[in-house]
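Structural characterization, general
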Amino acid sequence: QVQLVESGGGLVQAGGSLRLSCAASGRAFRNYGMGWFRQAPGKEREFVATMSWSDGSTSYTDSVKGRFTISRDNAKNTVYLQMNSLKPEDTVVYYCALRPSILPRYDYWGQGTQVTVSS
């Protein structure tokens, strides 16, 4: 079983910054990639940013390119999301996820952390 523990959400003014963290732990799991997703009430969960654990390659949704940066600490199995120039529309719950195999599927999810950006 893999556990993902998120931290770093909160309230910030528009234009401000927040850094989310997500630490993965558990017994004998493989980490092929980690990522961040977000979900607004009544809407489907959407992809924000992902990182391959093998080569560090990254991918971002268009709305966050140039503002958000995903990074990692391999030794700690931790992924970060640095969010700059935050906008009110970034106000949602953010979830981290882990891909435990070569398949393009995230099987493990964190509990979510609320990010609120005031205008």
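Report on the accompanying structure. Everything quoted here is computed from the prediction, not taken from an experiment.

Structural notes on the pattern of salt bridges
One pass over the full model with this rule turns up five salt bridges. Linking Arg38 and Glu46 is a salt bridge whose minimum nitrogen-to-oxygen distance equals 2.7 Å. Among the residues examined, Glu46 registers a relative accessible area of 36% and is labelled partly exposed. Two residues, Asp90 and Arg67, come together in a salt bridge whose shortest N-O distance is 2.8 Å. Pair noted here: Asp90 is in the loop between strand S8 (78–83) and strand S9 (92–99) and Arg67 is in the loop between strand S6 (58–60) and strand S7 (68–73), with a separation of 23 residues, a long-range link.

So, the environment of Asn77
Checked against the element boundaries, Asn77 lands in the loop between S7 and S8. Along the chain, Asn77 and Ala14 lie 63 residues apart, while their C-alpha atoms are 30 Å from each other. In terms of polar contacts, Asn77 uses its side chain to reach the side chain of Asn31, at 3.1 Å.

Criteria and thresholds
Residues numbered from 1 in each chain as written. Predicted model: local features only at pLDDT ≥ 70, side-chain atom pairs only at ≥ 80, totals over all residues. Heavy atoms only, no water. Salt bridge = Lys/Arg side-chain N within 4 Å of Asp/Glu carboxyl O. Buried < 20%, exposed > 50% of the residue type's maximum accessible area, 1.4 Å probe, protein only. Helix = DSSP H or I, 4+ residues; strand = E, 2+ residues; numbered from the N terminus. Polar contact = N/O pair within 3.5 Å; in protein donor to acceptor, adjacent residues only side chain to side chain.

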